[in-house]
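A look at the structure
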Amino acid sequence: MAALSEEPAEVVAVKPDPDAGTSPQPSAAPPAAAAAPAAPPAAAAEGDASGSVGEAAPAKPAVPGPAASPATLDRQTLVAVLQFLRRSNLRESEEILRREARLLGDDLGAAALSPGGPGLLGAPGGDADSAGGEALLSRVTAATAIAIGGSAATVASSNPGVAAVAAVPPGKVGGGVVVEDQPDVSAVLSAYNQQGDPTLYEEYYSGLKHFIECSLDCHRAELSQLFYPLFVHMYLELVYNQHESEAKSFFERFHGDQECYYQDDLRVLSSLTKKEHMKGNETMLDFRTSKFVLRISRDSYQLLKRHLQEKQNNQIWNIVQEHLYIDIFDGMPRSKQQIDAMVGSLAGEAKREANKAKVFFGLLKEPEFDVPLDDEDEEGENEEGKPKKKKPKKDSVGSKSKKQDPNAPPQNRIPLPELKDSDKLDKVMNMKEAARRVRLGPECLPSICFYTFLNAYQGLTAVDITDDSSMIVGGFADSTVRVWSVTPKKLRSVKTAADLSLIDKESDDVLERIMDEKTASELKILYGHSGPVYGTSFSPDRNYLLSCSEDGTVRLWSLQTFTCLVGYKGHNYPVWDTQFSPYGYYFVSGGHDRAARLWATDHYQPLRIFAGHLADVTCTRFHPNSNYIATGSADRTVRLWDVLNGNCVRIFTGHKGPIHSLAFSPNGRFLATGATDGRVLLWDIGHGLMVGELKGHTDTIYALRFSRDGEILASGSMDNTVRLWDAVKAFEDLETDDFTTATGHINLPENSQDLLLGTYMTKSTPVVHLHFTRRNLLLAAGAYSSQ
């Protein structure tokens, strides 16, 4: 083959990237819903293909002949591809390939194109090449994708024996997409056929391990990232080729060297001991279909490449080329601490270009209201009372609303529902409450009111509280949804149709008259789901309630009649979370099928399907401007999706366990995430960088919430504690210069304990939900567990 390319960033992706939208998802999605549809046959998945795609005639059987040496075969294959490109009028692709071929020998390019050169194939269209050329092409096709110097890729189409060649400009990543909804298992596994001597695998791995451990400190940390993906692929290769005893020995010898945060994955891997086990295993398929991403400095990469070439360690180099995506950056190698902060997800780190897209993280301009000051006269006795109150009131809504935030999306970027009169009234109430809001900070911590669900034998699985803190809902494992009023005002249903016809619709208190006093109670129970309820969400106007369940449905309930209005069926598996948009109308759901879906209340099918996660989508959250959705997953990554076009615009890696909580800061600029690893990570959305790590919890973090002004971040955990963190201090003096953004050299402050303002313990109640009232009182909720 051609000499190795300088950068593996140019290596051709053999299988679809998860971002290409081929992760498992129901195929019944409507055309408009497919945010990331499968690529058309033989389309280039990533990077711009510089040539059009040609197709060859079905391959004829190869003419038997004397066995050729590997070098001759490589040379003939290259010639066949060059001739094919010439026949298909793909001049540019041909030129690129010829330039690369000169690395093998200057005469090859000319010889390949000379009609009937000695020992080579005849002129295009001649008899000489009809058998041999097609045979070679069929061999090229059968290999699914062959990267020659990282510049040309053969892409397997869904028809056997049909080849398509797409040239990729140097420096771009090309990708072959097999056109299927789900990766074909046998096609995925067949790449493991090209194997070396099974008895030497341990020697190869220990040789590389010795080399890395003996390298300079500055390179050792970066090159150590190779251990885990190489270990997995070498083990799988041994198992696939039925060298079971060698595989077992390899696993036992080296699995202890892997980082502790891969232990769960290794447990799954250890159960794959036979070729048959691999066929239905999702974790294995994930590893095979998505390239493991490593971010390495150019110096460290050159060191590795030189070592592998000197040792002629082709087995490891093949895995590096075939299954890893090495994101090379210029500059100083990263330290162990910097690398540890960012790694740990199922598919390595995020590629740097994944976080380059522009994100409109600013807030939308608020509509302006005249705020009546009628009921505040009693509060301020002094004559200056009114004007003094008026100023903070405007600030609290944001005097910024007068001028457009430069980072905000255009007001009409996505269609949002118009404000009803009741919404305007609610906003006025909100402003009045905001005027009396307590200004929080290190010197002024919030009071915390804890709602404990006692005797919750049905098993509390989800909680939500309305924005005005008047109602609380619990989702339970017995499939019920229970709504409580937490104010003296009881919950009432609307009267029956017969009674409603008797009401004077013109009267001022018509909204009061339509309610049936006979139905008043503190608790309403909603029946409809047929499995545990894992997520609940109130609409901003408090007229509707969403619930999602293990039964695969999301239900919309009316809080006027306390009945189910719609059952949304799009997920075929359990739905773990759902949330209303801050403007109502839209909502998002995420589940076991690894996809998140965007819905509108008046559409029974999803508007968008966000596909790309490699494991369950465990939590979902709307950005305050409603243009973006954050999803946390069991693949240990957080993704930010653009509602407008369904694109993934940010991938955040760094958690060492499944993510269970997300919270956007009120200004929309930052995101906080919590996971089973007990850490809260803070992200700058605009720059796509991790900017903080809060350590202290000892168990899964299920609840995160910023105070109304964004000064304090509250976190609630299964360790029975609520912790308060200084968000202002965490986000000040951020290092977001161009170099940090370009290379990911993040420097996290060591002392997260300095940011901890307080820890509040419950007796034996895990914290599953947090909510700041409009006046900054913190409400927490959980079910008492008698251990």
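Residues numbered from 1 in each chain as written. Predicted model: local features only at pLDDT ≥ 70, side-chain atom pairs only at ≥ 80, totals over all residues. Heavy atoms only, no water.

A word on the pattern of salt bridges
Under the criterion given, the structure shown has 28 salt bridges. Where Arg295 meets Glu349, a salt bridge forms, and the shortest distance between an N and an O atom there is 3.8 Å. One end of the pair, Arg295, is in strand β4 (residues 292-297); the other, Glu349, is in the loop between α15 (336-342) and α16 (385-397), and 54 residues separate them in sequence. Owing to a relative accessible area of 6%, Arg295 belongs among the buried residues under this scheme. Owing to a relative accessible area of 3%, Glu349 belongs among the buried residues under this scheme. With its nearest N and O atoms 3.6 Å apart, the salt bridge here joins Asp541 to Lys420. Residue Asp541 is found in the loop between β13 (533-538) and β14 (544-549), and its partner Lys420 is found in the loop between α16 and α17 (421-435); the two are separated by 121 residues along the sequence. For Asp541, a relative accessible area of 22% gives the class partly exposed. (Salt bridge = Lys/Arg side-chain N within 4 Å of Asp/Glu carboxyl O. Helix = DSSP H or I, 4+ residues; strand = E, 2+ residues; numbered from the N terminus. Buried < 20%, exposed > 50% of the residue type's maximum accessible area, 1.4 Å probe, protein only.)

Let's talk about the side chain of Ser485
Within the fold, Ser485 resides in strand β9 (residues 481-485). Classification of Ser485 by relative accessible area gives buried; the value is 12%. There is a polar contact of 2.5 Å between the side chain of Ser485 and the backbone oxygen of Lys489. Look past the residues within four positions of Ser485 in its chain and what remains in contact with it is Ser470, Lys490, Leu491 and Glu522. (Polar contact = N/O pair within 3.5 Å; in protein donor to acceptor, adjacent residues only side chain to side chain. Contact = heavy atoms within 4.5 Å.)

A word on the packing of aromatic side chains
This structure, assessed with the given rule, holds 23 aromatic pairs. Pairwise contacts between aromatic rings join Tyr205, Phe227, Phe231, Tyr235, Phe250, Phe251 and Phe254 into one cluster. Stacked on the ring of Tyr325, the Lys or Arg Lys351 has its end atom at 4.4 Å from the ring centre. When the ring centre of Phe476 is taken as origin, the NZ or CZ atom of Arg482, which lies over that ring, is 5.3 Å away. (Phe/Tyr/Trp six-rings, centres within 6.5 Å; stacked < 30°, edge-to-face > 60°. Lys NZ or Arg CZ within 6 Å of the ring centre and 35° of its normal.)

Concerning helix α6 (residues 201-214)
A rise of 1.5 Å per residue sets the reference length of α6, with its 14 residues, at 20 Å; its end C-alpha atoms lie 20 Å apart and thus fit the reference within 8%. The set of residues buried in α6 consists of Tyr201, Glu202, Tyr205, Leu208, Lys209, Phe211 and Ile212. Of the surrounding secondary structure, the elements contacted by the buried residues of α6 are α7 (217-223), α8 (227-240), α9 (244-254), α13 (298-311) and α14 (314-323). (Expected span 1.5 Å × (residues − 1).)

Concerning the sheet that holds β14
Pairing between the strands of a sheet is mediated by backbone hydrogen bonds and can be parallel or antiparallel. Across the sheet, four strands lie side by side as β13-β14-β15-β16; this open sheet has antiparallel pairing. Strand pairing shows two members of the sheet lacking a second neighbour, β13 and β16 (563-569), which therefore form its edges. When strand polarity is set aside, the average angle formed by the axes of neighbouring strands in this sheet is 20°. Pairing analysis gives five bridges linking β14 to strand β15 (residues 553-558), with the strands arranged antiparallel. Pairing of Leu546 across the sheet is with Leu556, part of β15. (Pairing = 2+ DSSP bridges. Axes fitted to C-alpha atoms, helices over the stretch in contact; angles between N-to-C directions.)

With respect to the environment of Ala675
Along the chain, Ala675 turns up in strand β26 (residues 670-675). Residues Ala675 and Gly632, spaced 43 residues apart in sequence, show a C-alpha to C-alpha distance of 8.9 Å. Residue contacts for Ala675: discarding those within four places in its chain leaves His655, Gly657, Pro658, Ile659, His660, Asp699, Thr700 and Ile701.

A word on a nonpolar patch on the surface
Together, Leu523, Ile525 and Tyr527 line one region of the surface with nonpolar side chains, adding up to about 280 Å² of accessible area. Of note, Leu523 is situated in strand β12 (residues 523-526). Take Leu523: its relative accessible area is 30%, and that puts it in the partly exposed class. (Patch = residues over 30% accessible without salt bridge, like charges linked within 9 Å, V, L, I, M, F, W, Y side chains within 5 Å. Areas by Shrake-Rupley, 256 points an atom, 1.4 Å probe, with all protein chains shown as cover.)

Observations concerning the packing of α8 against α9
Between α8 and α9, whose axes approach to 8 Å, the crossing angle comes to 160°. Classified by the angle their axes make, α8 and α9 are roughly antiparallel. Note that α8 runs across α9; the crossing there is left-handed. Taking contact as the criterion, the partners of Phe231, Met234, Tyr235, Leu238 and Val239 in α8 are, on α9, Glu246, Ala247, Phe250, Phe251 and Phe254. (Parallel < 35°, antiparallel > 145°, perpendicular 65-115°, else oblique. Left-handed = near helix turned anticlockwise from the far one by under 90°.)

Remarks on the sheet that holds β12
Taken together, the four strands give an open sheet; going across it, the order is β7-β8-β9-β12, and neighbouring strands pair in antiparallel fashion. At either end of the open sheet lies a strand with only one pairing partner, and these are β7 (460-465) and β12. Ignoring strand direction, the axes of neighbouring strands in this sheet form an average angle of 20°. Both β7 and strand β8 (residues 471-476) contribute to a ladder of five bridges, which runs antiparallel. Among the inter-strand pairings, Asp464 is bridged to a residue of β8, identified as Val473.

Structural notes on the side chain of Thr536
Inspection of the secondary structure assignment puts Thr536 in strand β13. Discounting chain neighbours no more than four positions away, the residues touching Thr536 are Ala462, Val463, Asp464, Val473, Gly475, Leu545, Leu546, Ser547 and Thr578.

Description of the confidence of the model for the protein chain
Looking at the protein chain as a whole, the pLDDT averages 75, with 71% of positions reaching at least 70. Scored below 50 in pLDDT, residues 1-67 makes 169 contacts in the model with residues more than four places away or belonging to other chains. Within the model, the stretch residues 374-401 combines pLDDT values under 50 with 23 contacts to residues more than four positions away or in other chains. (pLDDT = per-residue confidence, 0-100.)

Quick notes on the nonpolar core
Ranked by size, the top nonpolar core spans 45 residues in total, and within it Leu226, Phe231, Phe250 and Leu269 carry the most contacts. Residues within four places of Phe250 in sequence aside, it is in contact with Tyr201, Glu202, Tyr205, Phe231, Met234, Tyr235 and Leu238. Listed in part, the 21 residues of the second largest apolar core include Phe361, Tyr628, Ala675 and Trp683. (Core = buried A, V, L, I, M, F, W, Y, C linked by side-chain atoms within 4.5 Å.)

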